[in-house]
Amino acid sequence: METKQIQETINMVEEEHLDIRTVTMGISLLDTVAGDPQQTAKNIYIKVTTYAKDLIKVAEQIEREYGIPITNKRISVTPIALIAGHATPDDMLYYAHALDDAAKAVGVDFIGGYSALVQKGFANGDLALIKSLPRALTETDLVMSSVNIGSTKAGINLDAIKLMGETVKGISEKSDTANAKLVIFANAVEDNPFMAGAFHGVSEADVVINVGVSGPGVVKRALEKVKGESIQVVAETVKKTAFKITRVGQMVGALAAERLGVEFGIVDLSLAPTPARGDSVAEVLEEIGLEQVGTHGTTAALMLLNDAVKKGGVMASQRVGGLSGAFIPVSEDAGMIDAAKAGTLTLSKLEAMTAVCSVGLDMIAIPGDTSATTISAMIADEAAIGVQNNKTTAVRILPTLGTKVGDMVDYGGLLGTAPVMPVVEKSSADFINRGGHIPAPIHSFKN
Amino acid sequence: MSKAVVTVVGKDKPGIIAGVANTLADHNINILDVSQTIMGDIFTMSMLINLEELEGQFNVLQDDLNKLGTNLGVTIHTQREEIFDAMSRV
């Protein structure tokens, strides 16, 4: 073994913030359904706490033995709307609290899966879950929620989009930060280990371990060494670096699954930032040659980065899945925050960037008086990008009461800080209020 | 064979190698390979050690080496070998 390689590995962790972003245990709740919501909630608590009881211990031991920090330990579960078919919105709170209590009992950072899939239409449980969200997300601490409102196969549920705009607004009236725990998807994936959108899909095994890796700092440092060289060299460098990062994720995931005696699911090949300086996707884009993220060329640079991350990572892991790519949340990324504050990064540029990256409009603060239909229209635009382009897109947007453009909002910890960004003030209400369903695109008829 | 890599980085002074070697000997650990150099006035050393005789005492060994590092004013990392292989070998 070469000393140089040893030193490189240690530097990546110590100085360049290489980490395993998350080890997420996915747990199926399909076998917890009982006739009565309170009994089902009890069964959920028992199943989650039984399977995840050693998750923290095992993850911490791996951190120690291999010297790789695991930033978050999480649980994802079967979308609750699926197992709570005949619940009322009030009943739903039993489920939310059971999840919260179970997450606290085993010591994980978050539990995801307070979710509904309504791309084609609502079932009773879906509506009950959505109506319960303002209370569920403000009465619990660790419960994360997602609602899938569109897919390439099913088209876009505009009724659901209207409802989610109102829901986001309703949540913001109860809490400044609870909307950070809700993401609205198109083409949601079933094995995503990242919050707030993680849930355990129905096609998954009973219990699995999924892993999300991260390391924008490592990629940035590698790119610093190829300053001035041609763009192929940049792509090649990102690829090689992503390979190394992903190998660590593969190793940690396989180990964790083995020690916990459950199946190993996927590695999500990602670059996800944290609010710490030197751990920013924006800084990687700037290293490629942009004066500040958000300027012309940003979308192209992001496309290259996202693609190279996937190409490098795909060979390094046995099973790839999740969202895989670069994340561009505003509040969680020091470089994005700077660019948004300076006005270089706007909502419309962010929207364009989501056409070529992993997720979507993520962790963006908007003025508190933004109307519900405007929020719905933002969700509709993102869904359209995802549905038409066969990719996942999402919206996690944070209206905060009493704030106006330029104010800073603090969400605490990994969720970071965001400047309130301007939205276009012309109304989209007549469009959203039409309701109904946007048909699936022509290429959905592939069989 | 179960192996780990011990790396030591810090300001050079007498007794660093002796200290690390003694701590390892106390745990009945065999040193398989050592590479040591001084860069400027910074002491750096990587050691490959055999963990076969350790019998689940990894955390105790790591704590002892960390304590030693604090006393000597150097940083000591103790990591299982697979992490370096994972990252550097296809």
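Residues numbered from 1 in each chain as written. Chains lettered and ligands numbered in written order. Predicted model: local features only at pLDDT ≥ 70, side-chain atom pairs only at ≥ 80, totals over all residues. Heavy atoms only, no water.

Draft legend 1. Spotlight on the overall build of chain A. Scanning chain A from N- to C-terminus turns up 15 helices and 15 strands. Expected size for 447 residues packed as a compact globule is a radius of gyration near 22 Å; at 21 Å, chain A falls within 12% of this value. Seen through its principal axes, chain A has C-alpha atoms that stretch 60 × 55 × 45 Å. In chain A, which comprises 447 residues, the proportion classed as buried is 62%. In chain A, the share of contacts with a sequence separation of at least 24, taken over all contacts with a separation of at least 6, comes to 79%. (Helix = DSSP H or I, 4+ residues; strand = E, 2+ residues; numbered from the N terminus. Rg over C-alpha atoms; globule rule 2.2 N^0.38 Å. Buried < 20%, exposed > 50% of the residue type's maximum accessible area, 1.4 Å probe, protein only. Contact = heavy atoms within 4.5 Å.)

Draft legend 2. Structural context of helix 1 (residues 3–14) of chain A. Spanning twelve residues, helix 1 of chain A covers 16 Å between terminal C-alpha atoms, matching the ideal 16 Å at 1.5 Å per step. Listing the buried residues of helix 1 of chain A in full gives A:Ile6, A:Thr9, A:Ile10, A:Met12 and A:Val13. Down the axis of helix 1 of chain A, the buried set is contained in an arc of 155°. They therefore lie on one face. Turning to helix 1 of chain A, the residues buried within the fold contact helix 8 (216–224) and helix 9 (231–260) of chain A together with strand 1 (3–11), strand 3 (42–50), strand 4 (74–80) and helix 3 (82–88) of chain B. (Expected span 1.5 Å × (residues − 1). Arc of directions from axis to C-beta.)

Draft legend 3. Up close: the environment of B:Val5. With respect to the helices and strands, the residue B:Val5 is situated in strand 1. Excluding residues within four positions of it along the chain, B:Val5 makes contact with A:Ile6, B:Met47, B:Leu48, B:His77, B:Thr78, B:Gln79, B:Glu81 and B:Phe84.

Draft legend 4. Spatial organisation of the pattern of salt bridges. Evaluated as defined, the whole model comprises 29 salt bridges over all chains. Of the charged contacts, one joins B:Arg80 and A:Glu65 as a salt bridge, the two residues approaching to 3.1 Å between their closest N and O atoms. A residue pair is termed interchain when its members come from two chains, as with B:Arg80 in strand 4 and A:Glu65 in helix 3 (residues 55–66). As far as burial versus exposure is concerned, B:Arg80 and A:Glu65 are alike and both buried. The partner of A:Glu224 in a salt bridge is A:Lys220, with the nearest N and O atoms 2.7 Å apart. Here A:Glu224 pairs with A:Lys220, and both are found in helix 8, just four residues apart, close to one helical turn. Residue A:Glu224 is classed as partly exposed on the basis of its relative accessible area of 33%. One network of salt bridges, in which partners are shared, links A:Glu15, A:Glu16, A:Lys220, A:Arg221, A:Glu224, A:Lys227 and A:Glu287. (Salt bridge = Lys/Arg side-chain N within 4 Å of Asp/Glu carboxyl O.)

Draft legend 5. Fine view of unusual backbone geometry. Residues and elements named next belong to chain A. Backbone torsion omega between Met-195 and Ala-196 reads 10°, so that peptide bond is classified as cis. As for its placement among the helices and strands, Ala-196 is situated in the loop between strand 6 (182–186) and strand 7 (207–214). In the Ramachandran plot, Met-363 falls in the positive-phi region, its phi being about 55° despite a non-glycine side chain. Residue placement: Met-363 occurs in strand 11 (residues 361–367).

Draft legend 6. Layout of helix 3 of chain A. For helix 3 of chain A, which comprises twelve residues, the first-to-last C-alpha distance of 17 Å matches the rise-based estimate of 16 Å (1.5 Å per residue) to within 8%. A:Gly67 lies just past helix 3 of chain A and shows a positive phi near 70°.

Draft legend 7. Layout of the interface of chain B and chain A. Contact with chain B, which involves 23 residues of that partner, is made by 22 residues of chain A. Roughly 2200 Å² is buried in total at the junction of chain B and chain A, and carbon and sulfur atoms are behind 59% of that figure. A per-residue breakdown of the area chain B buries against chain A is headed by B:Ile83, B:Phe84 and B:Met87, which together make up 29% of the total. Along the contact surface separating chain B from chain A lie nine residue pairs in polar contact (both at pLDDT 80 or more). Only strand 1, helix 2 (58–72), strand 4 and helix 3 of chain B provide two or more residues apiece to the side of chain B that touches chain A. Of all the elements, helix 3 of chain B adds the most residues to the side of chain B that touches chain A, at seven residues. Here the residues of the side of chain B that touches chain A sort into eight nonpolar, nine polar and six charged. (Buried area = accessible area lost by both parts, 1.4 Å probe. Polar contact = N/O pair within 3.5 Å; in protein donor to acceptor, adjacent residues only side chain to side chain. Nonpolar A, V, L, I, M, F, W, Y, C, P; charged D, E, K, R; others polar.)

Draft legend 8. Spotlight on a nonpolar patch on the surface. Taken together, A:Leu30, A:Leu82, A:Leu117 and A:Val202 make up a surface patch of nonpolar side chains, about 320 Å² in accessible area. Take A:Leu117: it is sitting in strand 3 (residues 110–117). (Patch = residues over 30% accessible without salt bridge, like charges linked within 9 Å, V, L, I, M, F, W, Y side chains within 5 Å. Areas by Shrake-Rupley, 256 points an atom, 1.4 Å probe, with all protein chains shown as cover.)

Draft legend 9. Spotlight on the pairing of strand 6 of chain A. All names here are of chain A. The buried fraction of strand 6 amounts to five of the five residues, a majority that puts the element mostly inside the structure. Looking at chain direction, strand 4 (residues 143–151) and strand 6 are connected through five bridges and run parallel. If you follow Gly-150 over to strand 6, its bridge partner there is Ala-186. Bridging between strand 6 and strand 12 (residues 393–400) involves three bridges; their strand directions are antiparallel. Residue pairing in the sheet places Ile-184 in a bridge with Val-395 of strand 12. (Pairing = 2+ DSSP bridges.)

Draft legend 10. The arrangement of the sheet that holds strand 2 (residues 31–39) of chain B in detail. Pairing is antiparallel across the open sheet formed by four strands, whose spatial order is 2-3-1-4 (chain B). The two strands at the open ends of the sheet, each matched to only one other strand, are strand 2 and strand 4 of chain B. Averaged over neighbouring strand pairs, the angle between their axes works out to 10° when direction is ignored. In this sheet, strand 3 of chain B lies alongside strand 1 of chain B in antiparallel orientation, the contact comprising nine bridges. Along strand 3 of chain B, the bridge assignment pairs B:Val8 with B:Met45. Helix-sheet contacts for helix 1 of chain A involve strand 1, strand 2, strand 3 and strand 4 of chain B, and the interaxial angle to strand 1 of chain B is about 75°. (Axes fitted to C-alpha atoms, helices over the stretch in contact; angles between N-to-C directions.)

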